[in-house]
Amino acid sequence: MPHDNHGSQSGDNSLNVGVGDFRDANVNVGGNGRPTFTPEQMGIRRHQALGGHSVKSENLSTFGIVTGIASVAGLYFTLFQAFPRSQHSSWSTAFIFMFAIAIFSVSVAAVIRKRKFEHFLFRKYYIEAGNHNGLYLSSFTATCPWCQSKMHLRNIGPKDGPCYDRFICERNPRQHTVDLDPTVLPEIEE
Ligand SMILES: [Zn+2]
């Protein structure tokens, strides 16, 4: 069925290629004249990691703030009073590490509140917000609309450049790719 309606890929490279065939399609909005697909056409599947367990985003911010304060206090006492000098560097390292976790938690909670979808780990796991502020760890697969092979969602791009969330085909990873617009994904009901 996905073979029925690719639309013409020739033409003036404008966004309207295939629009007649994909009235509701908006998974791919690359603007490069490539066809677009709906989540149904691609058979997008969400896989929840951690057995579908969630964390409330408020709890994550609170955790971040408490950890942040504790690490700063810990660092202060390490450097100025409590511990014998010989142990300073290991305690400082531990508290700086804690501080990094704190900043990370607070910023993840803030970003997710707005975007509801953010790349998180190893370029293949994503944090998503459910409809009642729970945070979930998910990965995604789909079926390639060209060759029916499996596709995996990956966050790709240069380290300091813009990154894209892109479904990549296992069989033809170079040409069979579809950029994901995460707003088309169904909400996680809680
Ligand atoms: Zn393919």
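From a predicted model like this one, the values you see are computed outputs, not experimental measurements.

Asker: Give me the lowdown on the overall build of the protein, citing residues and values where you can.
Answerer: When helices and strands are counted, the protein shows three helices and eight strands. Going residue by residue from the N terminus, the α and β elements of the protein occur as α-β-β-α-α-β-β-β-β-β-β. The 190 residues of the protein split such that 38% are buried. Accessible surface computed for the protein: about 11400 Å², of which carbon and sulfur atoms make up 58%.

Asker: Which residues make up the pairing of strand β6 (residues 150-156), and what are the values?
Answerer: In β6, alternate side chains face the same way, and those of Met-151, Leu-153 and Asn-155 are buried while those of Lys-150, His-152, Arg-154 and Ile-156 on the opposite face are not. Taken together, the three bridges between strand β5 (residues 134-143) and β6 define a ladder with antiparallel strand orientation. In the sheet register, Thr-143 faces β6, and the bridge partner there is Lys-150. Here β5 folds back onto β6, and the loop between the two strands holds six residues, one of which, Gln-148, carries a positive phi near 65°.

Asker: Explain the nonpolar core residue by residue, including any values.
Answerer: Membership of the largest hydrophobic core comes to 18 residues, with the highest contact counts inside it found for Met-42, Ile-44, Phe-140, Met-151, Phe-167 and Leu-180. Only β5, β6 and β7 (164-169) provide two or more residues apiece to this core. Discounting residues that sit within four places of it in the chain, Phe-140 has contacts with Ile-44, Arg-45, Arg-46, His-47, Phe-117, Tyr-126, Glu-128, Met-151, His-152, Leu-153, Phe-167 and Leu-185. Ala-49, Leu-60, Ala-109 and Ile-127 belong to the second largest nonpolar core, which has nine residues in total.

Asker: Could you give me a rundown of the coordination of the zinc ion, with the residues and numbers involved?
Answerer: Within the first shell, the zinc ion binds the protein through Cys-144 (SG), Cys-147 (SG), Cys-169 (SG) and His-176 (ND1), at distances of 2.1 to 2.3 Å. Mapping the donors of the zinc ion onto the primary sequence yields the spacing C-x2-C-x21-C-x6-H. Exposure remark for His-176: the relative accessible area of 15% places this residue in the buried category.

Asker: Before we move on, could you go through the environment of Met-151 and cite the residues and values that matter?
Answerer: Mapped onto the secondary structure, Met-151 falls in strand β6. Taking the relative accessible area as the measure of exposure, Met-151 reaches 0% and is therefore buried. Taking C-alpha positions, Met-151 is 8.5 Å from Phe-140, a pair spaced 11 residues apart along the chain.

Asker: Pulling in residues and values, what's your account of unusual backbone geometry?
Answerer: Backbone geometry at Gln-148 places phi at a positive 65°, although glycine is not the residue there. Within the secondary structure, Gln-148 is located in the loop between β5 and β6.

Asker: With reference to specific residues and values, describe the packing of aromatic side chains.
Answerer: The final tally for this structure, using the stated rule, is four aromatic pairs. Considering the side-chain rings of Phe-37 and Trp-146, the 5.4 Å spacing of their centres and the 80° angle between planes classify their relative orientation as edge-to-face. You can see Phe-37 sitting in the segment before α1 (39-42) and its partner Trp-146 sitting in the loop between β5 and β6, a full 109 residues away along the chain. With respect to burial, Phe-37 and Trp-146 carry one shared label: buried. Their ring planes at 70° and their centres at 6.1 Å tell us that Tyr-126 and Phe-140 sit as a pair that is edge-to-face. You can see Tyr-126 sitting in strand β4 (residues 125-129) and its partner Phe-140 sitting in strand β5, a full 14 residues away along the chain. Ring pairs connect the aromatic residues Phe-117, Tyr-126 and Phe-140, which therefore count as one cluster.

Asker: How would you explain the pairing of β7 if you had to name every residue and give the values?
Answerer: Direction of pairing for β6 relative to β7: antiparallel, over a ladder of six bridges. Residue pairing across strands places Leu-153 opposite Phe-167, the latter belonging to β7. Where β7 meets strand β8 (residues 177-179), three bridges bridge the pair, whose relative direction is antiparallel. The residue bridging Ile-168 from the neighbouring strand is Thr-177, located in β8.

Procedures and definitions
Residues numbered from 1 in each chain as written. Predicted model: local features only at pLDDT ≥ 70, side-chain atom pairs only at ≥ 80, totals over all residues. Heavy atoms only, no water. Helix = DSSP H or I, 4+ residues; strand = E, 2+ residues; numbered from the N terminus. Buried < 20%, exposed > 50% of the residue type's maximum accessible area, 1.4 Å probe, protein only. Areas by Shrake-Rupley, 256 points an atom, 1.4 Å probe, with all protein chains shown as cover. Pairing = 2+ DSSP bridges. Core = buried A, V, L, I, M, F, W, Y, C linked by side-chain atoms within 4.5 Å. Contact = heavy atoms within 4.5 Å. Donors = N, O, S within 2.8 Å, 3.2 Å for Na, K, Ca; no water. Phe/Tyr/Trp six-rings, centres within 6.5 Å; stacked < 30°, edge-to-face > 60°.

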